[in-house]
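# Working through the structure, step by step
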Amino acid sequence: MRRGIALILAAAVLGSSCGSPATGDVTVSATDFKFAPNTLRWKVGEELRITLANDGEKDHEWVVGRDVMSMPGMAETFGSQFFEGVDVRFEQDGQAVDPMMVWMTGMGPNERAVNLPAGVRPTTMIFTVPNKPGEWQMACFADNGTHYEDGMRGKVTVVP
Ligand SMILES: [Cu+2]
């Protein structure tokens, strides 16, 4: 009986630590095949520094959006892109990096995915959270969406 209660308490503690989203400036670590943390909570208007680290062996990406689009013969992406129209600065090792070197290209005109090739230095995104409240997803759609299917996904909650 006592052991049963301890297990329930352990489950409750684990559940709450897994379930509470990370806030403020955080580093999101991409590994093969997940993001940690994978739940974030942002507030409209706050200026954030989100650092993205590829700690895995594979090439990854980080994209925030909604409405996964899947077309035959094409990689998946989000139909609605959180960072579309958002002014984002990038830094690596404290030095400014040209956004053109960081955003993925070729996935459609609206796509705003941060390229995280294997071995890349941690890349910091600096931006003010736009007025796009609600539930968003984070994802890596690399290797024709298999990373996403394997667990490279998460949630971004944007609160007013
Ligand atoms: Cu990936």
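Anyway, here's the lowdown on the structure attached to this text. (Residues numbered from 1 in each chain as written. Predicted model: local features only at pLDDT ≥ 70, side-chain atom pairs only at ≥ 80, totals over all residues. Heavy atoms only, no water.)

### Considering the coordination of the copper ion
Stated formally: Keep in mind that water is not among the atoms, so a site may look incomplete; donors are the N, O and S atoms within 2.8 Å of the metal, or 3.2 Å for Na, K and Ca. Tetrahedral means four donors with every angle between 85 and 135 degrees, whereas square planar (four donors) and octahedral (six donors) require angles over 155 degrees between opposite donors and between 65 and 115 for all others; sites fitting neither are termed irregular. Labels follow the DSSP assignment, with helices taken as runs of H or I lasting at least four residues and strands as runs of E lasting at least two, numbered in each case from the N terminus. For every residue, the accessible area obtained with a 1.4 Å probe (protein chains only) is divided by the maximum for its type, and the residue is called buried under 20%, exposed over 50%, and partly exposed between those limits.
Protein coordination at the copper ion comes from His60 (ND1), Cys140 (SG), His147 (ND1) and Met152 (SD), with a distance range of 2.0 to 2.6 Å. Of note is the copper ion, whose 4 donor atoms meet at the metal with angles of 87 to 134° in an arrangement that counts as tetrahedral. Site description for the copper ion: donor spacing in sequence, H-x79-C-x6-H-x4-M. Placement of the pair is histidine 60 in strand β6 (residues 60-69) and cysteine 140 in the loop between β12 (134-139) and α2 (146-149), with a sequence separation of 80 residues. Across the pair, exposure class does not vary: histidine 60 and cysteine 140 are buried alike.

### A look at the environment of lysine 34
Mapped onto the elements of the fold, lysine 34 is located in strand β3 (residues 34-36). For lysine 34 and methionine 152, which are 118 residues apart along the polypeptide, the C-alpha to C-alpha distance reads 4.2 Å.

### Some points on the environment of arginine 121
Selection rule: The contact rule is simple, with two residues in contact once any of their heavy atoms fall within 4.5 Å.
Among the structural elements, arginine 121 can be located in the loop between β10 (113-116) and β11 (123-128). For the pair arginine 121 and leucine 52, spaced 69 residues apart in sequence, the C-alpha separation works out to 8.8 Å. Residue contacts for arginine 121: discarding those within four places in its chain leaves Gln92 and Asp93.

### Thoughts on the pattern of salt bridges
Threshold: A pair is scored as a salt bridge if a Lys or Arg side-chain nitrogen falls within 4 Å of a carboxyl oxygen belonging to Asp or Glu.
Taken as a whole and assessed by the stated rule, the structure comprises 3 salt bridges. Across the pair aspartate 93 and arginine 121 runs a salt bridge whose closest N-O atoms are separated by 2.6 Å. In this pair, aspartate 93 is assigned in the loop between β8 (89-92) and β9 (95-97) and arginine 121 in the loop between β10 and β11, connecting sequence segments 28 residues apart. For arginine 121, a relative accessible area of 44% translates into the label partly exposed. Residue arginine 153 is joined to glutamate 149 by a salt bridge in which the shortest nitrogen-to-oxygen separation is 4.0 Å.

### Regarding the nonpolar core
Heads up, the condition is: For the purposes of this section, nonpolar cores are sets of buried Ala, Val, Leu, Ile, Met, Phe, Trp, Tyr and Cys residues that join through side-chain atoms within 4.5 Å.
One finds Trp42, Trp62, Phe83, Met125 and Phe127 to be the most contacted residues of the largest nonpolar core, which totals 32 residues. Of all the elements in the fold, those that place two or more residues in this core are β2 (27-31), β4 (39-43), β5 (47-54), β6, β10, β11, β12 and β13 (153-159). Examining the composition of this core, we find that 3 residues originate from one element, β5, more than from any other. Listed in part, the 6 residues of the second largest apolar core include Val63, Ala139, Phe141 and Tyr148.

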